[in-house]
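These are the residues of each chain, in order.
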Amino acid sequence: GAVVSQHPSWVICKSGTSVKIECRSLDFQATTMFWYRQFPKQSLMLMATSNEGSKATYEQGVEKDKFLINHASLTLSTLTVTSAHPEDSSFYICSAPQGAYEQYFGPGTRLTVT
Amino acid sequence: GENVEQHPSTLSVQEGDSAVIKCTYSDSASNYFPWYKQELGKRPQLIIDIRSNVGEKKDQRIAVTLNKTAKHFSLHITETQPEDSAVYFCAASMSGGYSTLTFGKGTMLLVSP
């Protein structure tokens, strides 16, 4: 079946620094990937749609200059949280669609900003 | 945009009982309705999904029903087991995998032995 990986699985960084999270589709190509953020005891909220070869599409209220997305290849999308602050601490999950309907989720990255 | 409401937010049942979680959606163009189980700190796992051309789908102890006229769909788990304890999310999507999923707020299911 389709497998999506994320790296790192968890990261702790200091306030003001930047953190890069990678999302890879291991056994299929993904021209589109989705980035979600999940705060404790809350639902998944779509942040942006990553498109290979073009700019990402951001959801309303998500700062595109703070959350930089680069879809470098057909199997890799990266999310960089720039100038991270404690309120950016969250669980970040990517997903990639394969076929007409199903999306495959990565294992998530736990970001803690101190 | 799409809005998905999910109820209840928490559900406690005894082992062996049935559990029902309900969701409503707002956009009649939505045609794909997956259900996910998420354990703490892990990725959402697809447990069952239904498309708009079907009214009901069953997979062993899990079933989903869809009422497109009323714009609601439900997850039914029978003979619940402690390992069913997790957070369950419903979601809706318009035209398939390349379209965004809108999630409900989730239901924490606790199955007591």
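First, a word on what this report is: a plain description of the structure on this page. (Residues numbered from 1 in each chain as written. Chains lettered and ligands numbered in written order. Predicted model: local features only at pLDDT ≥ 70, side-chain atom pairs only at ≥ 80, totals over all residues. Heavy atoms only, no water.)

## Thoughts on the overall build of chain B
The helix and strand inventory of chain B stands at zero helices and eleven strands. Expected size for 113 residues packed as a compact globule is a radius of gyration near 13 Å; at 13 Å, chain B falls within 12% of this value. With the C-alpha coordinates of chain B rotated into their principal frame, the extents come out at 40 × 30 × 20 Å. Out of the 113 residues belonging to chain B, those deemed buried represent 44%. Taking all contacts inside chain B whose residues are at least 6 apart in sequence as the whole, residues at least 24 apart take part in 54%. Summed over all atoms, the accessible surface of chain B reaches about 5600 Å², with 48% contributed by carbon and sulfur. (Helix = DSSP H or I, 4+ residues; strand = E, 2+ residues; numbered from the N terminus. Rg over C-alpha atoms; globule rule 2.2 N^0.38 Å. Buried < 20%, exposed > 50% of the residue type's maximum accessible area, 1.4 Å probe, protein only. Contact = heavy atoms within 4.5 Å. Areas by Shrake-Rupley, 256 points an atom, 1.4 Å probe, with all protein chains shown as cover.)

## Some points on the packing of aromatic side chains
Evaluation of the coordinates by the stated rule reveals 13 aromatic pairs over all chains. When the centroid spacing of 5.7 Å and the interplanar angle of 90° are considered together, the rings of Tyr36(A) and Phe103(B) count as edge-to-face. Residue Tyr36(A) is found in strand S4 (residues 32-38), and its partner Phe103(B) is found in strand S10 (residues 101-103); the two belong to separate chains. Among the residues examined, Tyr36(A) registers a relative accessible area of 0% and is labelled buried. An aromatic cluster of three or more residues is present, and its members are Tyr36(A), Phe105(A), Tyr36(B), Phe89(B) and Phe103(B). (Phe/Tyr/Trp six-rings, centres within 6.5 Å; stacked < 30°, edge-to-face > 60°.)

## Notes on the pattern of salt bridges
Enumeration over the complete set of coordinates arrives at five salt bridges over all chains. Close ionic contact of Arg24(A) with Glu22(A) constitutes a salt bridge, the shortest N to O distance being 3.5 Å. (Salt bridge = Lys/Arg side-chain N within 4 Å of Asp/Glu carboxyl O.)

## Here we look at the state of the cysteines
Under the criterion given, the structure shown has two disulfides over all chains. Paired by a disulfide, Cys23(A) and Cys94(A) hold their sulfur atoms 2.0 Å apart. Given an S-S torsion of about 80°, the disulfide between Cys23(A) and Cys94(A) has right-handed geometry. One end of the pair, Cys23(A), is in strand S3 (residues 19-25); the other, Cys94(A), is in strand S9 (residues 90-97), with 71 residues separating them in the sequence. Linked covalently through their sulfurs, Cys23(B) and Cys90(B) form a disulfide whose S-S length is 1.9 Å. On the S-S bond that ties Cys23(B) to Cys90(B), the torsion sits near -100°, and the link is left-handed. Of the two residues, Cys23(B) sits in strand S3 (residues 19-25) while Cys90(B) sits in strand S9 (residues 86-93), which places them 67 residues apart along the sequence. The class of Cys90(B) is buried, set by a relative accessible area of 0%. (Disulfide = S-S within 2.5 Å.)

## Observations concerning the sheet that holds S3(B)
All names here are of chain B. One open sheet accounts for five strands, arranged S1-S3-S8-S7-S6; its pairing is antiparallel. In the strand order of this sheet, the two ends are held by strand S1 (4-7) and strand S6 (56-59), each with one partner. Within the sheet, the average angular offset between the axes of one strand and its neighbour, ignoring direction, is 15°. Summarising the sheet, S6 and strand S7 (residues 62-67) pair through four bridges and their orientation is antiparallel. Counterpart to Asp-59 in the pairing with S7 is Ile-62. (Pairing = 2+ DSSP bridges. Axes fitted to C-alpha atoms, helices over the stretch in contact; angles between N-to-C directions.)

## Some thoughts on the interface of chain B and chain A
Contacts between the two partners involve 21 residues from chain B, matched on the other side by 23 residues from chain A. Of the roughly 1800 Å² buried where chain B meets chain A, counting both sides, 59% is carbon and sulfur surface. On inspection of chain B and its partner chain A, the count reaches four residue pairs in polar contact (both at pLDDT 80 or more). Of all the secondary structure elements, the ones that give two or more residues to the side of chain B that touches chain A are strand S4 (32-38), strand S5 (45-51) and S10 of chain B. The leading source of residues in the side of chain B that touches chain A is S4(B), at three residues. Tallied by class, the residues present in the side of chain B that touches chain A amount to eight nonpolar, nine polar and four charged. (Buried area = accessible area lost by both parts, 1.4 Å probe. Polar contact = N/O pair within 3.5 Å; in protein donor to acceptor, adjacent residues only side chain to side chain. Nonpolar A, V, L, I, M, F, W, Y, C, P; charged D, E, K, R; others polar.)

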